[in-house]
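Here is what each chain is made of, one letter per residue.
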Amino acid sequence: MLITNGRVVTFGEANEIIENGAVRVDGELLSDVGQAHQLEQAYPDEEVVDAGGQFIMPGNICGHTHFYGAFSRGMAIPGDPARDFPEILDKLWWRLDKALSPEDVKYSALVCLVDAVKHGTTTLIDHHASPNAIEGSLDTIAEAVEQAGLRASLCYEVTDRDGPERAQAGIEENVRFARSLLDNPKSQLAASFGLHASLTLSAETLVDCVAAADGLDIGFHIHAAEGISDQEDSLRKSGKRVVERLNDAGILGPKSILVHCVHVDAWEMELLRDTGTWVTHQPRSNMNNAVGVAPVETMMRGGIKVGMGNDGFSNNMWAEWKAAYLLHKLWHGDPRRMGGYDIISMAVTNNASLARVFWPSAALGELAPGAYADLILVDYHPFTELSAGNLPWHILFGFEASAVTSTMVAGKWLMRDRKLLTLDEAAIAARARELSTETWKRYWELGNS
Ligand SMILES: [Zn+2]
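Nothing here was measured: the structure is a model prediction, and the numbers come from that model.

The rules behind each value
Residues numbered from 1 in each chain as written. Predicted model: local features only at pLDDT ≥ 70, side-chain atom pairs only at ≥ 80, totals over all residues. Heavy atoms only, no water. Core = buried A, V, L, I, M, F, W, Y, C linked by side-chain atoms within 4.5 Å. Buried < 20%, exposed > 50% of the residue type's maximum accessible area, 1.4 Å probe, protein only. Helix = DSSP H or I, 4+ residues; strand = E, 2+ residues; numbered from the N terminus. Contact = heavy atoms within 4.5 Å. 1 Å grid on protein atoms, 1.4 Å probe; cavity = no way out; pocket = protein on both sides within 12 Å on 5 of 7 lines; lining within 4 Å. Points joined across faces, edges and corners; volume = space filled by probe spheres on them. Donors = N, O, S within 2.8 Å, 3.2 Å for Na, K, Ca; no water. Tetrahedral: all angles 85-135°; square planar, octahedral: opposite > 155°, others 65-115°. Phe/Tyr/Trp six-rings, centres within 6.5 Å; stacked < 30°, edge-to-face > 60°. Lys NZ or Arg CZ within 6 Å of the ring centre and 35° of its normal. Nonpolar A, V, L, I, M, F, W, Y, C, P; charged D, E, K, R; others polar. Arc of directions from axis to C-beta. Pairing = 2+ DSSP bridges. Patch = residues over 30% accessible without salt bridge, like charges linked within 9 Å, V, L, I, M, F, W, Y side chains within 5 Å. Areas by Shrake-Rupley, 256 points an atom, 1.4 Å probe, with all protein chains shown as cover. Salt bridge = Lys/Arg side-chain N within 4 Å of Asp/Glu carboxyl O. Axes fitted to C-alpha atoms, helices over the stretch in contact; angles between N-to-C directions.

A closer look at the nonpolar core
Move 1: With 106 residues, the main nonpolar core has M57, L113, F193, L195, W321 and V378 as its most contacted residues.
Move 2: Element by element, the count of residues in this core is highest for helix α3 (residues 102-119), at nine residues.
Move 3: With near-sequence residues (within four places) excluded, F193 lies in contact with C155, V158, I171, N174, V175, C209, A212, A213, I218, G219, F220 and H221.

Following this line, the structure appears as structure tokens:
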């Protein structure tokens, strides 16, 4: 298939904008990228899709998300407002996740996947928790991802907060799912080994997790130093700061993701860099939880690999870009901070490398021959000069996720001209509304018990 008559934004090494460009989709990959007239001449018998002058761009990648949190939307939290991050965890997330049934897990995922297709986010790295529906939960989410046609890496958040049996069940769910993919690979699914956070993990459980992950060829995915309480807890428990504790336990490495890293010191940054560990930045979540601002510019300058996630906020990744762009300027009182290229480094270049950890056989996050055919069409009409050099600022100030009209993953259309092709949004939303009413009741009962 040729997708022609578009402005092709390649990102990647070429990093160019091809006016009146085209891409050739061959199976799940792109086999050619170039001028429309050249590709039309070279492949005269190919099916042609006219992009109508829209942008043809790589789909967005989300480095950290939580499908399970979707039913929190609009939910009242009983009692006084949470005064700090530990109270937010206790009053909201650690009750909502306990209230989830197996069907809630499925529909929380589906509503997020609808959102991702509509907003052009084609690769998602999820971090799941449902303490009363652990076994098989990753299969349930995987089925939803396959139905949607998106690309996702899944894991279960192991934690000691619900007792040793559930900690063990979480470990088993990670192992079972990762092993099932080793035995029966699915091209758009991948696994990591999920851990909640240092503050809910004992030394013994960390040892168990590292032992259980042996031979699975996957990294860990864990919240780290999100709030200052994680550092206080780690120092109390081990005499070490969070990143040092996790490193000594064998959690760090080039396939592992440490999410947030808001409160890390210089020595912890050295450990992150020297081990090649991934860090993801989620500024909307950090602002909402009032936990602080992660020193991600310093980390990137020092050679740490920093990507971008959304932590369960909308799958409109451009909204996350904009939050990062604005937050760091205000926080530092300096409009020179967090430029457009820093955003591209995190959200495009580094996220593409992070995705490669899970899908090593072809490139993501760029349009080039041999890359996966994961792309979006964006209806945007620049009224000033636009080039590869100033594209970041067009995206930051001009692009809206509502301009995404079509989404393709692995050569298959998931949305064309704003019509969803794999998911029935109205039916999914209707069932999710029925389910979430009951979820909210269970959540309130947990709060009163
Ligand atoms: Zn998170």
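After that view, the rundown keeps rolling.
Some details on empty space enclosed by the protein
Move 1: For the structure shown, the criterion picks out one cavity of 30 Å³ or more.
Move 2: Approximately 70 Å³ is the volume found for the largest cavity.
Move 3: If you go around the largest cavity, the residues you meet are F11, P58, G59, N60, I61, A347, V348, N351 and G365.
Move 4: Listed by contribution, the elements that provide at least two residues to the lining of the largest cavity are β6 (60-65) and α13 (340-358).
Move 5: Top element by residues in the lining of the largest cavity is α13. It accounts for three residues.

Things to note about the coordination of the zinc ion
Move 1: Coordination of the zinc ion by the protein comes from H64 (NE2), H66 (NE2), H223 (NE2) and D311 (OD), over a distance range of 2.0 to 2.1 Å.
Move 2: With four donor atoms in place around the zinc ion and angles of 92 to 158 degrees between them, the coordination shape is irregular.
Move 3: When the donors of the zinc ion are listed by position in the chain, the intervening gaps give H-x1-H-x156-H-x87-D. The exposure classification of H64 matches that of H66, with both residues buried.

Thoughts on the packing of aromatic side chains
Move 1: Counted by the stated rule, this structure contains nine aromatic pairs.
Move 2: Ring centres of F55 and Y380 lie 5.9 Å apart, and the angle between their planes is 50 degrees; this geometry places the pair in the tilted category. Here the residue F55 occupies a position in strand β5 (residues 55-58), and Y380 occupies one in the loop between β15 (375-378) and α14 (391-397), the gap between them amounting to 325 residues. In this pair, the class of F55 matches that of Y380, namely buried.
Move 3: What links up through ring pairs into an aromatic cluster is the set F55, W318, Y380 and F399.
Move 4: The ring centre of Y372 lies 4.0 Å from the NZ or CZ of R151, which sits over that ring.

Quick look at the layout of surface pockets
Move 1: One number sums up the size of the second largest pocket: a volume of about 430 Å³.
Move 2: Around the second largest pocket, the lining is made up of 20 residues, and of these A190, A191, D217, F358 and P360 lie nearest the centre.
Move 3: Every element with two or more residues in the lining of the second largest pocket is listed here: α5 (164-183), β9 (189-191) and α13.
Move 4: When the residues that make up the lining of the second largest pocket are grouped by side-chain class, the tally is 14 nonpolar, three polar and three charged.

Brief notes about helix α8 (residues 242-249)
What sets the pattern is the α-helix's 3.6 residues per turn: residues three or four places apart point alike.
Move 1: Taken together, the buried positions of α8 are V242, V243, R245 and L246. In an axial view of α8, the angular spread of the buried residues amounts to 160 degrees, which keeps them on one side of the axis.
Move 2: Contacts from the buried residues of α8 go to α6 (203-213), β11 (220-224), α7 (228-238), β12 (257-260) and α9 (266-275).
Move 3: Backbone geometry just after α8 places G250 at a positive phi near 95 degrees.

Some details on unusual backbone geometry
Glycine aside, a negative phi is what most residues show, and trans is what most peptide bonds show.
Move 1: For N20, which is not glycine, the phi torsion reads 50 degrees and is therefore positive.
Move 2: Secondary-structure assignment places N20 in strand β2 (residues 17-26).
Move 3: Phi at R418 takes a positive value of approximately 70 degrees, unusual for a residue other than glycine.
Move 4: In this structure R418 comes out as partly exposed when scored by relative accessible area, which is 48%.

Describing the pairing of β6
Move 1: Summarising burial for β6: six of the six residues are buried, a large majority.
Move 2: When β6 meets strand β7 (residues 121-126), the two strands line up parallel, connected through four bridges. From the neighbouring strand, C62 faces β7, where its bridge partner is L124.

Some details on a nonpolar patch on the surface
Move 1: Taken together, the side chains of Y341, W393 and F397 make up a nonpolar region of the molecular surface, amounting to roughly 360 Å² of accessible area.
Move 2: Within the secondary structure layout, Y341 lies in helix α13.

Focus: the sheet that holds β7
Hydrogen bonds between backbone groups are what pair the strands of a sheet, and the pairing can be parallel or antiparallel.
Move 1: The four strands are arranged β6-β7-β8-β9 in an open sheet whose pairing can be described as parallel. On the outer flanks of this sheet lie β6 and β9, each paired with one strand and no other. Adjacent strand axes in the sheet meet at a mean angle of 15 degrees when their direction is disregarded.
Move 2: Bridging between β7 and strand β8 (residues 151-154) involves three bridges; their strand directions are parallel. Bridged to T123 within β8 is R151.
Move 3: Contacts from helix α4 (residues 137-148) reach β7, β8 and β9, with the element oriented near 170 degrees to β8.
Move 4: Sheet contacts for helix α12 (residues 317-332): β6 and β7; angle to β6, the most-contacted strand, approximately 75 degrees.

On their own, these measurements won't tell you what the molecule is for.
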